[in-house]
Amino acid sequence: MQHVFDVAVIGMGPAGAQAAVSAWHQGRDVLVLDAGDVSQRKGRAYWAKSVEIEDIPFVAPVTGPKLRAQVQARLRALAPGAPGARGVTLRGAYVLRVARAGDAFALEASTGPLRDGKIVARETFAARTVVVATGFEDGWPEIELDAAGRRMLERYRTVFRYAGNQSGWHLCIRCDGHLHHGQHFVFLGVGEEIYEAALGAQDFTSSITILTNGRPPGLPQAVLRQAQARDIRIDTRRIARHIGQGTRLEGVVFEDGEELLADGFLTDEGLEPNTAFLEDFALQRSADGLLRVGESGEALRLDGTPEPGLYVAGDLVAGARKLIAAAAASGQDAGLAASDSLRRWHWPEE
Ligand SMILES: Cc1cc2nc3c(=O)[nH]c(=O)nc-3n(C[C@H](O)[C@H](O)[C@H](O)COP(=O)(O)OP(=O)(O)OC[C@H]3O[C@@H](n4cnc5c(N)ncnc54)[C@H](O)[C@@H]3O)c2cc1C
């Protein structure tokens with residue numbers, strides 16, 4: 001007989017880790033499956049490599065890799081004393097498919113790193129409820145994406161050299177804007193998201209340039225007028241390459257050979273939700289593919305009813321703030337709701 005966990009949490013970022021600890025705290029037998037040790041999908045916060053995350057008051061300022069190591073150590077310390085007892089079982093596993101199996105869920109996962117692109121270790125786990133907290137991967141600018149660059153992107157899910165550094169491509173103005181107070185900040189992207197980021201930059205600087213890398217800006221006339229009035233330059237030239245030293249990004253060269261140097265760089269080229277394993281479920285999504293949830297944190301079906309026992313937390317939730325404390329808060333809600341749903345008796349029906 002396969003062991004059936006009370007709660008399976010997919011993802012060990014701030015949302016998944018908090019969901020697991022909250023469900024464990026209520027006496028549950030929790031399984032955490034996290035792809036970080038068997039793939040390059042290590043979670044968004046991980047990529048803050050040389051920038052300390054400093055807006056969470058419960059821990060001292062910490063880089064992403066150190067935060068991940070601390071969380072992993074804490075979950076490992078909660079391992080159950082015996083199978084089925086209250087505890088957290090942490091496994092390195094890239095979840096490939098979640099499906100219903102009777103009253104429970106079956107979670108199929110790759111539990112070892114791929115070898116020559118092939119799955120070498122495949123396991124199936126069972127749980128009565130599931131919390132999905134797998135976040136998303138950030139899109140990257142189409143600069144120097146030759147064959148080697150593309151391989152790097154596939155392997156590390158990032159434009160490796162200039163990502164997550166004090167002076168590299170930032171992905172979140174609220175996270176990293178303070179690093180460039182009063183400095184020249186370059187934004188790369190098109191449409192409302194990139195202008196939203198530029199609006200956020202006014203808290204730190206008034207020297208702002210938006211680059212579209214060969215595309216139309218995709219902004220309404222009123223926004224273009226405001227940008228002009230605020231001295232925000234919008235440059236639509238195609239970018240040929242980066243200017244940088246080591247991991248330090250210093251500027252870009254346009255295809256016409258002109259150089260643009262700056263102090264801060266932020267890109268918003270969209271996102272790819274980590275939800276391929278949910279294809280058995282027809283769920284409501286936002287335009288960018290994030291999942292809509294009901295009041296209890298359960299994923300919503302297309303007809304608006306909740307998908308029983310399937311909870312979603314963190315960056316993956318449509319409309320949620322993409323920050324660590326917010327992710328942890330929704331992880332707590334999802335972990336507690338999953339735990340509550342397992343109680344044997346509830347408020348009596350009239
Ligand atoms: C460079 C950078 C800097 C940031 N700085 C800050 C900051 O200073 N302050 C702040 O509050 N926020 C910051 N953020 C935002 C913050 O990192 C996110 O809001 C937060 O990490 C979201 O948490 P999450 O748990 O939802 O997802 P993630 O942290 O993205 O975690 C997702 C987890 O799911 C796992 N996973 C993915 N796919 C699978 C799968 N198929 N099977 C199993 N596991 C899977 C991954 O391994 C990962 O562990 C930053 C983000 C970035 C990218």
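The structure reproduced in this document is the subject of the present report. (Residues numbered from 1 in each chain as written. Predicted model: local features only at pLDDT ≥ 70, side-chain atom pairs only at ≥ 80, totals over all residues. Heavy atoms only, no water.)

## What to know about the overall build of the chain
Reasoning step 1: Of the regular secondary structure elements, the chain holds seven helices and 18 strands.
Reasoning step 2: Against the compact-globule benchmark of 20 Å for 350 residues, the chain has a radius of gyration of 22 Å, which places it among compact chains.
Reasoning step 3: Across its three principal directions, the C-alpha atoms of the chain cover 65 × 50 × 40 Å.
Reasoning step 4: A total of 350 residues make up the chain; the buried ones form 49% of that total. (Helix = DSSP H or I, 4+ residues; strand = E, 2+ residues; numbered from the N terminus. Rg over C-alpha atoms; globule rule 2.2 N^0.38 Å. Buried < 20%, exposed > 50% of the residue type's maximum accessible area, 1.4 Å probe, protein only.)

## Brief notes about the sheet that holds strand E13 (residues 248–254)
Reasoning step 1: Pairing within the open sheet is antiparallel, and its three strands lie in the order E12-E13-E14. The outermost strands of the open sheet, each flanked by one partner alone, are strand E12 (239–245) and strand E14 (259–261). On average, adjacent strands in this sheet sit at an angle of 30° to one another, irrespective of strand direction.
Reasoning step 2: Direction of pairing for E13 relative to E14: antiparallel, over a ladder of three bridges. (Pairing = 2+ DSSP bridges. Axes fitted to C-alpha atoms, helices over the stretch in contact; angles between N-to-C directions.)

## A few points about the nonpolar core
Reasoning step 1: Counting 28 residues, the largest nonpolar core has Ile10, Val98, Leu107, Val130, Val132, Leu278 and Leu310 as its most contacted members.
Reasoning step 2: For this core, the secondary-structure elements that each account for two or more residues are strand E1 (4–10), strand E2 (29–34), strand E4 (94–101), strand E5 (104–110), strand E6 (122–132) and strand E18 (306–312).
Reasoning step 3: A total of four residues in this core trace back to one element, the largest contributor, which is E6.
Reasoning step 4: Not counting residues up to four positions away in its chain, the partners in contact with Leu107 are Ala8, Ile10, Leu33, Arg97, Val98, Glu123, Thr124, Phe125, Ala126, Ala127 and Val130.
Reasoning step 5: In this structure, Ala15, Trp24, Val30 and Ala338 belong to the second largest nonpolar core, which totals 24 residues. (Core = buried A, V, L, I, M, F, W, Y, C linked by side-chain atoms within 4.5 Å. Contact = heavy atoms within 4.5 Å.)

## Comments concerning the site of the ligand
Reasoning step 1: Near the ligand, the surroundings consist of 36 residues, among which Asp34, Arg41, Val95, Asp315 and Ile324 are the closest.
Reasoning step 2: In the environment of the ligand, an oxygen atom lies 3.3 Å from a nitrogen or oxygen atom belonging to the backbone of Lys322.
Reasoning step 3: Measuring from an oxygen atom of the ligand, one finds a backbone N or O atom of Leu323 at 3.1 Å.
Reasoning step 4: Expressed as a share of its isolated accessible area of 1000 Å², the protein-covered part of the ligand is 98%.
Reasoning step 5: Every element with two or more residues in the shell around the ligand is listed here: helix H1 (14–25), E2, E4 and helix H7 (324–340). (Near = heavy atom within 4 Å. Polar contact = N/O pair within 3.5 Å; in protein donor to acceptor, adjacent residues only side chain to side chain. Areas by Shrake-Rupley, 256 points an atom, 1.4 Å probe, with all protein chains shown as cover.)

## Side note on the packing of aromatic side chains
Reasoning step 1: A complete count under the given rule lists four aromatic pairs for this structure.
Reasoning step 2: A centroid spacing of 5.2 Å and a plane angle of 90° characterise the contact between Tyr46 and Trp47, whose relative ring orientation is edge-to-face.
Reasoning step 3: With relative accessibility at 21%, the residue Tyr46 sits in the partly exposed group.
Reasoning step 4: Since its relative accessible area comes to 13%, Trp47 is described here as buried.
Reasoning step 5: Ring geometry for Trp169 and Phe265: centres 5.8 Å apart, planes at 75°, overall edge-to-face. Of this pair, Trp169 sits in strand E8 (residues 169–170) while Phe265 sits in strand E15 (residues 264–267), placing them 96 residues apart in sequence. For the pair Trp169 and Phe265, one class covers both residues: buried. (Phe/Tyr/Trp six-rings, centres within 6.5 Å; stacked < 30°, edge-to-face > 60°.)

## Re the packing of H1 against H7
Reasoning step 1: Relative orientation of the contacting elements H1 and H7 amounts to 35°, with a least axis distance of 7 Å. For H1 against H7, the interelement crossing comes out right-handed. Contact residues: H1 offers Pro14, Ala15, Gln18, Ala19, Ser22 and Ala23, while H7 offers Ile324, Ala327, Ala328, Gly331, Gln332, Gly335, Leu336 and Ser339. (Left-handed = near helix turned anticlockwise from the far one by under 90°.)

## Some remarks on the pattern of salt bridges
Reasoning step 1: As enumerated under the stated definition, the model contains 20 salt bridges in all.
Reasoning step 2: The salt bridge involving Glu272 is made with Arg41; its shortest N-O contact spans 3.5 Å. Highlighted residues: Glu272 in strand E16 (residues 271–273) and Arg41 in the loop between E2 and helix H2 (64–76), separated in sequence by 231 residues.
Reasoning step 3: We classify Glu272 as partly exposed; its relative accessible area is 36%.
Reasoning step 4: Judged by its relative accessible area of 17%, Arg41 falls in the buried class.
Reasoning step 5: For the salt bridge of Arg233 with Asp235, the shortest nitrogen-to-oxygen distance reads 2.9 Å.
Reasoning step 6: Members of the salt-bridge network, linked through shared partners, are Arg233, Asp235, Arg237, Asp256 and Glu258. (Salt bridge = Lys/Arg side-chain N within 4 Å of Asp/Glu carboxyl O.)

## So, the sheet that holds strand E11 (residues 233–235)
Reasoning step 1: Overall, parallel pairing links the five strands, which are arranged E8-E15-E9-E10-E11 in an open sheet. Both edges of this open sheet fall to E8 and E11, since each of them pairs with a single strand only.
Reasoning step 2: With two bridges joining them, E8 and E15 adopt parallel strand pairing. Bridge pairing in E15 links Trp169 to Phe265.

## Observations regarding the pairing of E2
Reasoning step 1: Taking burial as the measure, the six residues of E2 include six buried ones, the bulk of the element.
Reasoning step 2: Of the two faces of E2, the one carrying Asp29, Leu31 and Leu33 and the one carrying Val30, Val32 and Asp34 are both buried.
Reasoning step 3: Relative to E2, E1 is paired through four bridges, and the arrangement is parallel. Residue pairing across strands places Val9 opposite Val32, the latter belonging to E2.
Reasoning step 4: Crossover E1 to E2 through H1 is right-handed.
Reasoning step 5: Of the pairings in the sheet, the one linking E2 to strand E3 (residues 87–92) comprises six bridges and is parallel in character. Across the sheet, the residue bridging to Val30 is Val88, located in E3.
Reasoning step 6: Each parallel crossover has a hand, and for E2 linked through H2 to E3 it is right-handed. (Right-handed = clockwise from strand over helix to strand, strands pointing away.)

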